Amino acid sequence: MQIAAYIDHTVLKPTTIVADVERVCAEAKEYAFAAVCIPPLFTKKAKELVSGSNVKVATVIGFPFGYSAIEAKAAETVLAIIDGVDELDVVINISAVKNNDWQFLANEINALMPIIKSKQKIVKIIIESGILTKDEIIKCCDIYGAAGVDFMKTSTGYAEKGATVEAVSIMRTHLPDNIQIKASGGIKTYTFAKELIDAGATRLGCSSSIQLVKEAMQVN
């Protein structure tokens, strides 16, 4: 398995500096990762750093808690697109989920999708599966499946629980076949990464990316 092709090489810590972005972009090019995922401030810089390669640039919207106003998320999205982003990892409003305000969530995604798709960008919706019930995950699959997102993503990495095989399996069962799954949060070993892929994940958000590649080389 060419694990590198599944990986979004990620640095999203609040103390991220230019040197961190330079490092992950260089590593992404060297190892042929699918993308780098970096804070919005560095989107334009990352595009310059990965130019000439197949590495995509992803950034986050409404990160990490998701409770930004819809208008704020829309503005973040527009600015990221102006800066040249390829993929947008959008945190949903978790508070709305917990309040069963599904109409709010429908309004939120319906406000963002035209902006993103008018520019042919990829959208990954982060639902923070580790703090949702099974029924809430399924309901998210229904809403975002109907909205036509490109990926559903498990986690930000900031909740107490990250990606799980169970969550990926639930999502794969309840999402349309054409919608992919990104597992993210706590993926530190090749064994776990492969379990997530076997459960249906087609992208992995990792900061331990190089370690996974080296472990994969030993196994394969």
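Structural data are supplied above this passage.
Here goes a summary of the coordinates provided.

Criteria and cut-off values
Counting restarts for each chain, with residues numbered from 1 along the sequence as it is written. The predicted origin of the model limits local features to residues at a pLDDT of at least 70 and limits the giving and counting of side-chain atom pairs to 80 or more, whereas totals for whole chains, interfaces and linings rest on all residues. In computing side-chain values, all of the structure's heavy atoms are included and hydrogens and water are not. By nonpolar core we mean a set of buried residues, namely Ala, Val, Leu, Ile, Met, Phe, Trp, Tyr and Cys, connected to one another through side-chain atoms within 4.5 Å. Here's how the labels work: a residue is buried when its accessible area is under 20% of the maximum for its type, exposed when over 50%, partly exposed in between, all with a 1.4 Å probe on protein chains only. Any two residues whose heavy atoms approach within 4.5 Å at even a single point are treated as in contact. The criterion for an aromatic pair is that two Phe, Tyr or Trp rings (for Trp, the six-membered ring) have centres within 6.5 Å, with stacked assigned to planes under 30 degrees apart, edge-to-face to planes over 60 apart and tilted to the rest. Any Lys NZ or Arg CZ that is within 6 Å of a ring centre and within 35 degrees of that ring's normal is treated as a charge sitting over the ring. Helix and strand assignments follow DSSP, with helices taken as H or I runs no shorter than four residues and strands as E runs no shorter than two, numbered in order from the N terminus. Our arc is simply the arc of the directions from the helix axis toward the C-beta atoms. Salt bridges are counted wherever a side-chain nitrogen of Lys or Arg sits within 4 Å of a carboxyl oxygen of Asp or Glu. Disulfides are defined as pairs of cysteine sulfur atoms found within 2.5 Å of each other. Here an angle of 0 to 180 degrees is reported between the N-to-C directions of two axes, which are lines fitted to C-alpha atoms, with helices fitted over the stretch in contact. What sets the label is the angle itself: under 35 degrees gives roughly parallel, over 145 gives roughly antiparallel, 65 to 115 gives roughly perpendicular, and the rest give oblique. Side-chain classes follow a simple rule in which Ala, Val, Leu, Ile, Met, Phe, Trp, Tyr, Cys and Pro form the nonpolar group, Asp, Glu, Lys and Arg form the charged group, and the remainder, Gly included, forms the polar group.

### Points about the nonpolar core
Here is step 1 of the chain: Membership of the largest hydrophobic core comes to 68 residues, with the highest contact counts inside it found for Y144, I187 and L204.
Here is step 2 of the chain: If we ignore the near neighbours within four places in the chain, the residues touching L204 are I3, Y6, I7, D8, K182, A183, I187, A193, L196 and I197.

### A few points about the packing of aromatic side chains
Here is step 1 of the chain: Taken as a whole, this structure holds three aromatic pairs when the rule is applied.
Here is step 2 of the chain: Across the ring face of F151, the terminal group of K124 is positioned such that the distance to the ring centre comes to 5.9 Å.

### Concerning helix α9 (residues 209-219)
Here is step 1 of the chain: Within α9 the residues assigned to the buried category are S209, I210, L212, V213 and A216. Axial view of α9: buried residues confined to an arc of 160°, hence all on one face. The exposed residues of α9 that point more than 90 degrees off its buried face are Q218 and V219.
Here is step 2 of the chain: Turning to α9, the residues buried within the fold contact β1 (7-10), α1 (18-31), α8 (190-199) and β8 (203-206).

### Overview of the pattern of salt bridges
Here is step 1 of the chain: Counted under the stated rule, the structure contains 16 salt bridges.
Here is step 2 of the chain: Residues participating in the shared-partner salt-bridge network are D8, E87, D89, K124, K153, K182 and R203.

### Overview of the state of the cysteines
Here is step 1 of the chain: In the structure shown here, the tally under the stated rule is zero disulfides.
Here is step 2 of the chain: Left unpaired, C206 is separated from the closest cysteine sulfur, that of C37, by 11 Å.

### Comments concerning the packing of α8 against α9
Here is step 1 of the chain: It is at 9 Å that the axes of α8 and α9 come closest, and there the two elements cross at 85°. With respect to α9, the axis of α8 lies roughly perpendicular. Residues Y190, T191 and A193 of α8 touch α9, and the partners they reach there are L212, E215, A216 and V219.
Here is step 2 of the chain: Considering only residue class, the contact of α8 with α9 consists of five nonpolar, one polar and one charged.

### Focus on unusual backbone geometry
Here is step 1 of the chain: Here the bond from F63 into P64 is cis, since omega is 0°, no more than 30 degrees from zero.
Here is step 2 of the chain: Phi is positive for A32, close to 60°, though the residue is something other than glycine.
Here is step 3 of the chain: Structurally, A32 can be placed in the loop between α1 and β2 (35-38).
Here is step 4 of the chain: Despite not being glycine, E128 shows a phi value in the positive range, around 55°.

### As for the environment of C37
Here is step 1 of the chain: Considering the arrangement of structural elements, one finds C37 in strand β2.
Here is step 2 of the chain: Assessed through its relative accessible area of 0%, C37 is described here as buried.
Here is step 3 of the chain: Along the chain, C37 and A163 lie 126 residues apart, while their C-alpha atoms are 17 Å from each other.
Here is step 4 of the chain: Filtering out sequence-adjacent residues up to four positions away, C37 remains in contact with H9, T10, V11, L12, A58, V60 and D89.

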